[in-house]
Amino acid sequence: MSDTRELLRRGVDGFEPMPDAFERVLARRDRKRRNQRIAAGVVGIAVFVAAVWVVTTAGSFDRTTTPTVPGGSETGPTETGPSVAPDPDAEGISGLPPEGATPSTPESGELVVELANQVWVYADGRVISSVYEGTLEPYSGLVEQHLTPEGVEFLRSNVLSTGLFEHDLELASRDNPNCCLYIRVRDGDRLVSVRLGPSDVLSDHQAPIATPEQETALRSLEALLTSPTSWPASVWTDQQIRAYVPTSYSFCSRFVEPSHVLALLPEPARDLLGAKYLKADGDGFPQPTCSRMTTEEARALAGILDAEFGYEEGPYLGLSFEDPEVSGSYIRIAMNPVLPHGTWAWLAGVG
Amino acid sequence: MRDVTLPIEAQTADFESFFRAEYRSLCQALLLLVGDSFEAEEIAQETMTRILERWDRVGAMDSPTGYAYRTALNLQRKRIRRLAVRARRRFAPVPVGDIGPEAGDRQDVHRALASLPEGQRAALILVDWLDMDTEEAALALGIEPASFRVRLHRARSSVRDALEVTP
């Protein structure tokens, strides 16, 4: 028994799990099953309503231009990253793609539908998502699948058919503690957003309270967008789940000047980031304390940080320092994969 | 792998044996990892629920325990992300109600662990609390054994230093 184990024992002295823990696990499993059945029912209804709506309004999608799809429906499956099978023992990308993995193409894409932090649908048919998290262990990062043009339109029309996306809208949730729901959809040449959340996290603290119908509609959209297995088979050109391989990564710190962060990093990392990061102009991102790096630069930086500190492995490439100038505070830096529409997927907790 | 093609009731009974053997250790490891007993039990509950849902496959693995800790560490990372989304402190303080004769010592240890980077903290707990060997623990964290050993060494040094200066 190691000395450290004796030290750690002090950290659990007096702690006992609740006595009904096993029964609570069984109840939790049953509750999840029930919720899955309810969600499946909601999605089924939404799909049915959408299908009826699509059939009855076929040919009249002239509210906006149909998203351009290079190559149209004849485009075959795009070979991108390594295939990720829904198998808990499957090998997958952990944090960074393996050397030589082919980045997702095309490098840039027009965003059509977004469920923030979870699902991004592009006009070229790509669906990039994190909705398989926990089911593709040990891989739990972003994955990519491919829709037909009609499939892209199926999702877009589902979102627009709620009638909530006439203009940007913020709605305060009534009692729902789940923060937050943010959906964007393309309507012509603009992206229209609806945000639902507690009023204190909305930019408009006086935002109207969502009606039960509005909240239900938004939650139904969330259920639809996060349940790609429930989408009709006809929407897919390639339902195969592959790891999303980005072309570049963001490197961000939050509320901390880049020069201060650089001073805390080992010299090789400073050399790698160098003047580029010190520009502090966001490097194309809206946040000024961010910089863009290629996947190879991100891999090199991760190696340096791992050797020096042990960076946080997994799909969340981040690192926390205790700020030596402010006792008890943390400086957090993170690398996140950049998405085809130019911003990053917020995986590592800094944005 | 052993064959686990049991009926549902038998699978649940099989899982219960696993649960009774592992749950307490899992909770303790998570308490050391997150520093909050409520959060630790919440992650342990979700971990065990996921394992129960997949027991037909997990139970057939050579090391269901290793799978449990890997799942728990993944959930812990997601928890950190959620906390960040909610703009809360990354490492929750010990609840006010969490006091008692051992609370002072416990908080010292939690403070020392909280000062470690996430990866170092996990490395320390996997080896020095759960008695995993470094190969197995490196696998659970998805990193190379050599990197793991460096991480573990730094974690041990940091914790010892921190606790020696803490009365």
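Right, let's walk through the structure included here. (Residues numbered from 1 in each chain as written. Chains lettered and ligands numbered in written order. Predicted model: local features only at pLDDT ≥ 70, side-chain atom pairs only at ≥ 80, totals over all residues. Heavy atoms only, no water.)

A pair of packed helices is captured by two measures, namely the crossing angle of their axes and the spacing between those axes. Residue and element names in this part refer to chain B. Between helix 7 (residues 134-141) and helix 8 (residues 145-164), the least distance of the axes is 9 Å, while the angle of their chain directions is 100°. As judged from the angle between their axes, helix 7 and helix 8 are roughly perpendicular. Where helix 7 approaches helix 8, its residues Thr134, Glu135, Ala137, Ala138 and Leu141 are matched on the opposing element by Pro145, Phe148, Arg149, Arg151 and Leu152. The residue makeup of the contact of helix 7 with helix 8, split by class, is six nonpolar, one polar and three charged. (Axes fitted to C-alpha atoms, helices over the stretch in contact; angles between N-to-C directions. Helix = DSSP H or I, 4+ residues; strand = E, 2+ residues; numbered from the N terminus. Parallel < 35°, antiparallel > 145°, perpendicular 65-115°, else oblique. Contact = heavy atoms within 4.5 Å. Nonpolar A, V, L, I, M, F, W, Y, C, P; charged D, E, K, R; others polar.)

Residues and elements named next belong to chain A. What the eight strands build is an open sheet, ordered 5-7-6-1-2-3-4-8; its pairing is mixed. The open sheet terminates on both sides in strands that have one partner only, identified here as strand 5 (169-172) and strand 8 (236-243). Neighbour-to-neighbour, the strand axes of this sheet turn through a mean angle of 15°, independent of strand direction. Strands strand 1 (111-115), strand 2 (119-122), strand 5, strand 6 (181-187) and strand 7 (190-197) of the sheet are contacted by helix 4 (residues 212-225), whose axis makes an angle of about 80° with strand 6. (Pairing = 2+ DSSP bridges.)

Each pair of aromatic rings is reported with the distance of its centres and the angle of its planes. Throughout the structure, instances matching the rule amount to eight aromatic pairs over all chains. Here Phe15 of chain B and Trp55 of chain B contribute two aromatic rings whose centre-to-centre distance is 5.6 Å and whose plane-to-plane angle is 75°, an arrangement assigned as edge-to-face. Here Phe15 of chain B is found in helix 1 (residues 8-34), whereas its partner Trp55 of chain B is found in helix 3 (residues 55-58), with 40 residues between them in sequence. Residue Phe15 of chain B is classed as buried on the basis of its relative accessible area, which comes to 0%. A residue is classified by how much of its surface remains accessible, and Trp55 of chain B, at 2% relative accessible area, is buried. Among the aromatic residues, those joined into a ring-pair cluster are Phe22 of chain A together with Phe15, Phe18, Phe19, Tyr23 and Trp55 of chain B. Above the ring of Trp129 of chain B, the side-chain terminus of Arg5 of chain A is found at 4.8 Å from the ring centroid. Note that Arg126 of chain A overlies the ring of Tyr122 of chain A, its terminal NZ or CZ placed 5.7 Å from the centroid. (Phe/Tyr/Trp six-rings, centres within 6.5 Å; stacked < 30°, edge-to-face > 60°. Buried < 20%, exposed > 50% of the residue type's maximum accessible area, 1.4 Å probe, protein only. Lys NZ or Arg CZ within 6 Å of the ring centre and 35° of its normal.)

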